[in-house]
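Remarks on the overall topology
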Amino acid sequence: MVDNTASGADRAQPEHRPPAKRRRDATATRQAILDAAITAFTRHGYDGVGVRDIAHSAGVTAMLINRYFGSKEQLFAEAVDVASAPRTVIAGTGPELAGESARALVARTAPEAEELGPFLIMLKSAPNPRAAQIICEAIERHPGRHLREELSGPGAEVRAELMLAIQAGVWLMRNVLRTTALAEAEPEQLAQRIESLFQTLTSSAPESPGTAPPRSAQR
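**Overview of helix 4 (residues 72–84)**
In this model helix 4 runs 18 Å from its N-terminal to its C-terminal C-alpha over 13 residues, within 8% of the 18 Å that 1.5 Å per residue would give. Taken together, the buried positions of helix 4 are K72, L75, F76, A79, V80, A83 and S84. The buried residues of helix 4 occupy an angular sector of 155 degrees when the element is viewed end-on, so they sit on one face. The inward-facing, buried residues of helix 4 contact helix 1 (26–44), helix 2 (51–58), helix 3 (62–69), helix 6 (118–125), helix 7 (129–141) and helix 8 (143–150).

Printed below as a string of structure tokens:
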């Protein structure tokens, strides 16, 4: 009986191809690093986190961070810029600006809130002089500009920064330090009080000449 079965040598051998190389997505890698950096700097501040920590969180090597951003300082600058760019600390426009911004602030600083807002990067990184300078420039470029565009009349720049200062202070005391009165305040009542402060600052009415003390009294 003739065996018609092909021998092992005659059988077609499976083609062994090298595994396809995974395509490196530079855009996705860069974004992953940036997202990890924003979270890390917000939680720990500029001096509280290193490049290796951020690389580990992003699932990359520290070498890639240097390749995409050059240095920790440049990564921080871009993280602050990205975190500050959206209108997250300003809500509403025109006559709704004061009320909507006050309520947004109260919601985002609630003790149970896990908001990683730009003010937290500022509060935790400001002790470093270079980081403070980067933050200052980003504030003027983004939330400061947003408010200046909404405000008009005399002293608009000062009034805009006073609004930001109030927000930063509330964020510090209510969300970071969690002082008793602010942490336990009834949200709507707290929002109304903050709104009244914001209303004063959004008003373009100049101060009455009689409100300023004479120069002799200031000496």
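What follows picks up the thread again.
**Structural notes on the packing of helix 8 against helix 9 (residues 156–176)**
Two numbers describe how helix 8 lies on helix 9: the axes approach to 9 Å, and their chain directions differ by 125 degrees. In terms of axis orientation, helix 8 runs oblique to helix 9. The two elements helix 8 and helix 9 meet at a crossing, and its hand is right-handed. Along the contact surface, helix 8 presents P143, G144, L147 and R148, while helix 9 presents E157, A160, M163 and L164. For the contact of helix 8 with helix 9, the per-class residue count stands at 5 nonpolar, 1 polar and 2 charged.

**Remarks on the packing of helix 6 against helix 9**
Across the interface, helix 6 lies against helix 9 with an axial gap of 10 Å and an inter-helix angle of 80 degrees. On the basis of their axis angle, the class for helix 6 and helix 9 is roughly perpendicular. Along its contact with helix 6, which presents F119, L120, M122 and L123, the element helix 9 presents L164, Q167, A168, W171, L172, N175 and V176. Tallied by class, residues from the contact of helix 6 with helix 9 come to 9 nonpolar, 2 polar and no charged.

**Some details on the pattern of salt bridges**
Scanning all chains against the criterion turns up 6 salt bridges. R103 is paired through a salt bridge with E188; the nearest N and O atoms lie 2.8 Å apart. One end of the pair, R103, is in helix 5 (residues 97–108); the other, E188, is in helix 11 (residues 187–202), with 85 residues separating them in the sequence. E149 is paired through a salt bridge with R145; the nearest N and O atoms lie 3.0 Å apart. One end of the pair is E149 and the other is R145, both in helix 8 and 4 residues apart, which spans about a single turn. Its relative accessible area of 33% is what places R145 among the partly exposed residues. Overlapping salt bridges bring together R103, E188 and E195 as one network.

How each quantity is defined
- Residues numbered from 1 in each chain as written.
- Predicted model: local features only at pLDDT ≥ 70, side-chain atom pairs only at ≥ 80, totals over all residues.
- Heavy atoms only, no water.
- Helix = DSSP H or I, 4+ residues; strand = E, 2+ residues; numbered from the N terminus.
- Expected span 1.5 Å × (residues − 1).
- Buried < 20%, exposed > 50% of the residue type's maximum accessible area, 1.4 Å probe, protein only.
- Arc of directions from axis to C-beta.
- Contact = heavy atoms within 4.5 Å.
- Axes fitted to C-alpha atoms, helices over the stretch in contact; angles between N-to-C directions.
- Parallel < 35°, antiparallel > 145°, perpendicular 65-115°, else oblique.
- Left-handed = near helix turned anticlockwise from the far one by under 90°.
- Nonpolar A, V, L, I, M, F, W, Y, C, P; charged D, E, K, R; others polar.
- Salt bridge = Lys/Arg side-chain N within 4 Å of Asp/Glu carboxyl O.

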